[in-house]
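# Descriptive structure summary
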Amino acid sequence: MSAVVVENLTIRYGDFVAVDRVSFRAEFGEVTAILGPNGAGKTSTIETCEGYRAPTNGSVHVLEKNPFTQRTSLHSEVGVMLQEGGVYPSARVFETITQYCALYNRGIDPTTLLVAVDLESKATSTWRSLSGGEKQRMLLALALAARPRVAFLDEPTSGVDINGRDAIRHIINDLAANGTAVVLATHELDEAERLAQRVVLFHQGKIVANAPLATMRSAQHELRFSSVPTLNVQELSAHIGLEVTVIQDHFVVRFENTDSAFSSELVQRVSTWLNNNNLPLNNLSIGAQRLEDIFRNLTGGTQ
Amino acid sequence: MTALTTQLQAEMNVVRRNGEQLLVTLGIPLLLLGFFSAVDVLPTNEKDPVNFLVPGILALAVMSTSMVSLGIATGFERNYLVLKRLAATPLGTTRLIAAKTLSIAAVEAVQMILLISLGFLLGWSPQQANWLLALCAVVLGTFAFAGIGLFLAGNLRGEVNLAATNGLYLVLLLIGGIVFPLDKLPGALSAISRCLPTAALSDVLRNSLMSAGEHTTSSWIVLLVWAIAAPLLAAKTFKWN
């Protein structure tokens, strides 16, 4: 059984179609990233899975239950992290974590949870006095209070500094490693790349890709390097027999053959051509394509 | 601890920490009762103004807690997405409302004890008081004002709700028969005031505590209508986030 099953989900707000016939699944023990730019339909989809709204068309099942009509029974096993807010400004950290542990009543010790999200030193602080990263960790703690079988996390690292991000990533990885199905909505491709096993790419309310991250990335490889801006791209393309494109300050060659001998030969041909033309070769890298580039390819360059 | 007692404790923490709410629910009613009982400037038609003031101030206390305090707190809870987050827990709407109701009842009990004690200290002497009838009036008043407070809280942004609720509180305080008798108001205003829940609650409390609850049928009807209509309107229009 899949933890989350979304089939032909459509969500309309009046005449506006926010989500258009999307289908995907999320499995236990995996992080599934719902990825896309702001306004792509991610939060509408997540909130339908959380039971906040009914689908206009199609169906959503979480732990084989309808989240809109069976929300009370479902919510004892589902952790939710809203994109922002959810706590009264004067509420104190440990008191709020204790409140949620008692509401979920899943045997989670509030002190252990406080330590897990590294907020022991802020136990008596009010919500309003926390930094962005501390607020996100506290919201994550409230989701963890459910000892969730499914966790819906909306932009968990948004506005968080590097150290805070590492802490949150560690908690999310642990959650999935312990068997929880983590559904993560984010517009940050780098975040999805670091955390997710499966990626569902949203664009303008539709899914443009839905596959395990490894499969998605291995479908195409790229060679990337920098040189002088005056490099003749057409001549180099003709020499190596593959199209060379310019992305920001880099020259990029995409190819589908993942054979290492092919990669070596390609590097050899490019470096020889540059050498023959007395051009420098800098920042050379070769390997699986980045999620950012896959997204650009699939959506025509918009993010 | 059960989900209900957990949430009740959280509600009481919010009440305890919001000083401005305690000012409205306890400070202002006690101040008005003390001041206008000691300074005889109100046209109360009574030899001793405290006899007119105590029932009216009890009505004001009910309005302060169930409309102003509940409405403003709930409005900000909507604004801060507290209600939205709670909706994703096993708490459920019924237990959330029960926790809020119990917290209102607790605050009102403290208010009644303090105000009635101060009234006695100031020389209030209830005549043929029917305390059970007065309690029924307080319960109906609580429903009516909670309905109004939640209607505003469920439809306005936090800051707008704050201003609207406080403004309404001031208007109802002045024209609701709490400190000024309705027959001292201009004719049209007096007629309108008699249809307000504040005037109805003041009237039935005054009659229940001062003359065994006689001659208040129209006020009971007005109060009953508000007690049914306002919560229904709030329930129908309330937006959780």
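Since the model is a prediction, treat every value here as computed from it, not as a measurement.

All names here are of chain A. Within the open sheet, the 6 strands sit side by side as β5-β6-β7-β3-β8-β9. Their pairing is mixed. Sheet topology places β5 (78-81) and β9 (206-212) at the edges, where each strand pairs with a single neighbour. Sheet twist, expressed as the average angle between the axes of neighbouring strands with direction ignored, equals 15°. As judged from the 5 bridges shared by strand β3 (residues 31-35) and strand β7 (residues 181-186), these two strands associate in the parallel manner.

Let us look at the environment of B:Ser202. Residue and element names in this part refer to chain B. In this structure, Ser 202 sits in helix α9 (residues 197-210). Judged by its relative accessible area of 0%, Ser 202 falls in the buried class. As a C-alpha pair, Ser 202 and Ile 57 span 145 residues in sequence and 8.0 Å in three-dimensional space. Once residues within four sequence positions are removed from consideration, Ser 202 is found in contact with Pro 55, Gly 56, Ala 59, Gly 176, Gly 177 and Ile 178.

Right, let's get into the nonpolar core. Core analysis: the largest hydrophobic core is formed by 110 residues, its most contacted members being A:Leu153, A:Leu291, B:Ile57 and B:Leu201. The biggest single contributor to this core is helix α3 (residues 49-79) of chain B, with 15 residues. If near-sequence neighbours (up to four positions away) are discounted, A:Leu153 is found in contact with A:Met81, A:Leu140, A:Ala143, A:Ile172, A:Val182, A:Val183, A:Leu184 and A:Ala185. Core analysis: the second largest hydrophobic core is formed by 31 residues, A:Ile34, A:Val62, A:Val78 and A:Val183 among them.

Before going further, it helps to spend a moment on the environment of B:Leu60. Residues and elements named next belong to chain B. Looking at the secondary structure, you find Leu 60 in helix α3. Given the relative accessible area of 0%, Leu 60 is considered buried. Along the backbone, Leu 60 and Ser 208 are 148 residues apart, and their C-alpha atoms lie at a distance of 16 Å. Apart from residues no more than four positions distant in its own chain, Leu 60 is found in contact with Pro 29, Leu 32, Tyr 169, Leu 173 and Ile 178.

So, about the interface of chain A and chain B. On the chain B side, the residues contacting the 26 residues of chain A number 22 residues. Summed over both partners, the interface of chain A with chain B buries about 2100 Å², with 60% contributed by carbon and sulfur atoms. Looking at the side of chain A facing chain B, the largest losses of area belong to A:Tyr52, A:Tyr88 and A:Leu103, adding up to 31% of the total buried there. Applying the counting criterion to the chain A and chain B interface returns 2 salt bridges. The partner of A:Glu95 in a salt bridge is B:Arg17, and the shortest N-O contact between them spans 2.5 Å. Contributing elements (two or more residues each) for the side of chain A that touches chain B: α2 (71-74), β5, α3 (93-104) and α5 (132-144) of chain A. Top element by residues in the side of chain A that touches chain B is α3(A). It accounts for 6 residues. When the residues that make up the side of chain A that touches chain B are grouped by side-chain class, the tally is 14 nonpolar, 7 polar and 5 charged.

Turning our eyes to something else, we now look at the packing of aromatic side chains. Evaluation of the coordinates by the stated rule reveals 8 aromatic pairs over all chains. With a centroid separation of 5.7 Å and 80° between ring planes, the pair formed by A:Tyr88 and B:Tyr80 is classed as edge-to-face. On the criterion of chain membership, the pair formed by A:Tyr88 in the loop between β5 and α3 and B:Tyr80 in the loop between α3 and α4 (82-86) is interchain, its members lying in two chains. Taking the relative accessible area as the measure of exposure, A:Tyr88 reaches 10% and is therefore buried. A relative accessible area of 31% places B:Tyr80 in the partly exposed class. When the ring of A:Tyr100 is compared with that of A:Tyr104, the centres are 6.4 Å apart and the planes differ by 45°; the resulting orientation is tilted.

Let us now look at the pairing of strand β1 (residues 4-13) of chain A. Residue and element names in this part refer to chain A. As defined by bridge partners, β1 adjoins strand β4 (residues 57-62) across 5 bridges and the pair is classed as antiparallel. Paired with Glu 7 across the strands is Ser 59, a residue of β4. Where β1 and strand β2 (residues 16-26) come together, 7 bridges link them in antiparallel fashion. Of the residues in β2, the one forming a bridge with Val 6 is Phe 24. The loop that links β1 with its antiparallel partner β2 comprises 2 residues; one of these, Gly 14, has a positive phi angle of about 65°.

All names here are of chain A. Evaluation of the coordinates by the stated rule reveals 19 salt bridges over all chains. Among the salt bridges present, the one from Glu 222 reaches Arg 224, with a minimum N-O distance of 2.9 Å. Connected through shared salt-bridge partners, Arg 165, Asp 166, Arg 169, Glu 188 and Glu 191 make up one network.

With that out of the way, let us pick up helix α1 (residues 42-49) of chain A. Along α1(A), 7 of the 8 residues are buried, which leaves the element largely enclosed by surrounding structure. A positive phi of about 95° marks A:Gly51, the residue just after α1(A).

Bringing a nonpolar patch on the surface into the picture now. Together, B:Leu132, B:Leu135, B:Val139 and B:Phe143 line one region of the surface with nonpolar side chains, adding up to about 410 Å² of accessible area. Locating B:Phe143 in the fold gives a position in helix α6 (residues 131-153).

Mapped onto the elements of the fold, A:Ser226 is located in strand β10 (residues 221-226). A polar contact of 2.9 Å, which involves the side chain of A:Ser226, links it to the side chain of A:Asn283.

Residue and element names in this part refer to chain B. Closest axis-to-axis distance for the α3/α9 pair is 8 Å, and the angle between their directions is 135°. Judged by the angle between their axes, α3 and α9 are oblique. Crossing of α3 over α9 shows right-handed handedness. On α9, the residues touching Asn 51, Phe 52, Pro 55, Gly 56, Leu 58, Ala 59, Val 62 and Met 63 of α3 are Thr 198, Leu 201, Ser 202, Leu 205, Arg 206, Leu 209 and Met 210. Its residues assigned to classes, the contact of α3 with α9 comprises 10 nonpolar, 4 polar and 1 charged.

Residues and elements named next belong to chain A. Of note, the phi angle at Glu 64 is positive, near 65°, even though the residue is not glycine. For Glu 64, the position within the fold is in the loop between β4 and α2. Phi is positive for Asn 283, which is not a glycine, with a value near 50°. Counting through the fold element by element, Asn 283 comes out in strand β13 (residues 282-288).

A separate point is the packing of α3(A) against helix α1 (residues 3-17) of chain B. For the pair α3(A) and α1(B), interaxial distance at closest approach is 8 Å and the crossing angle is 155°. Here α3(A) is positioned roughly antiparallel relative to α1(B), judged by the angle of their axes. At the point where α3(A) passes α1(B), the crossing takes the left-handed sense. Residues A:Glu95, A:Gln99, A:Ala102 and A:Leu103 of α3(A) lie in contact with α1(B), whose contacting residues are B:Ala3, B:Thr6, B:Gln7, B:Ala10, B:Asn13 and B:Arg17. Tallied by class, residues from the contact of α3(A) with α1(B) come to 4 nonpolar, 4 polar and 2 charged.

Criteria and cut-off values
- Residues numbered from 1 in each chain as written.
- Chains lettered and ligands numbered in written order.
- Predicted model: local features only at pLDDT ≥ 70, side-chain atom pairs only at ≥ 80, totals over all residues.
- Heavy atoms only, no water.
- Pairing = 2+ DSSP bridges.
- Helix = DSSP H or I, 4+ residues; strand = E, 2+ residues; numbered from the N terminus.
- Axes fitted to C-alpha atoms, helices over the stretch in contact; angles between N-to-C directions.
- Buried < 20%, exposed > 50% of the residue type's maximum accessible area, 1.4 Å probe, protein only.
- Contact = heavy atoms within 4.5 Å.
- Core = buried A, V, L, I, M, F, W, Y, C linked by side-chain atoms within 4.5 Å.
- Buried area = accessible area lost by both parts, 1.4 Å probe.
- Salt bridge = Lys/Arg side-chain N within 4 Å of Asp/Glu carboxyl O.
- Nonpolar A, V, L, I, M, F, W, Y, C, P; charged D, E, K, R; others polar.
- Phe/Tyr/Trp six-rings, centres within 6.5 Å; stacked < 30°, edge-to-face > 60°.
- Patch = residues over 30% accessible without salt bridge, like charges linked within 9 Å, V, L, I, M, F, W, Y side chains within 5 Å.
- Areas by Shrake-Rupley, 256 points an atom, 1.4 Å probe, with all protein chains shown as cover.
- Polar contact = N/O pair within 3.5 Å; in protein donor to acceptor, adjacent residues only side chain to side chain.
- Parallel < 35°, antiparallel > 145°, perpendicular 65-115°, else oblique.
- Left-handed = near helix turned anticlockwise from the far one by under 90°.

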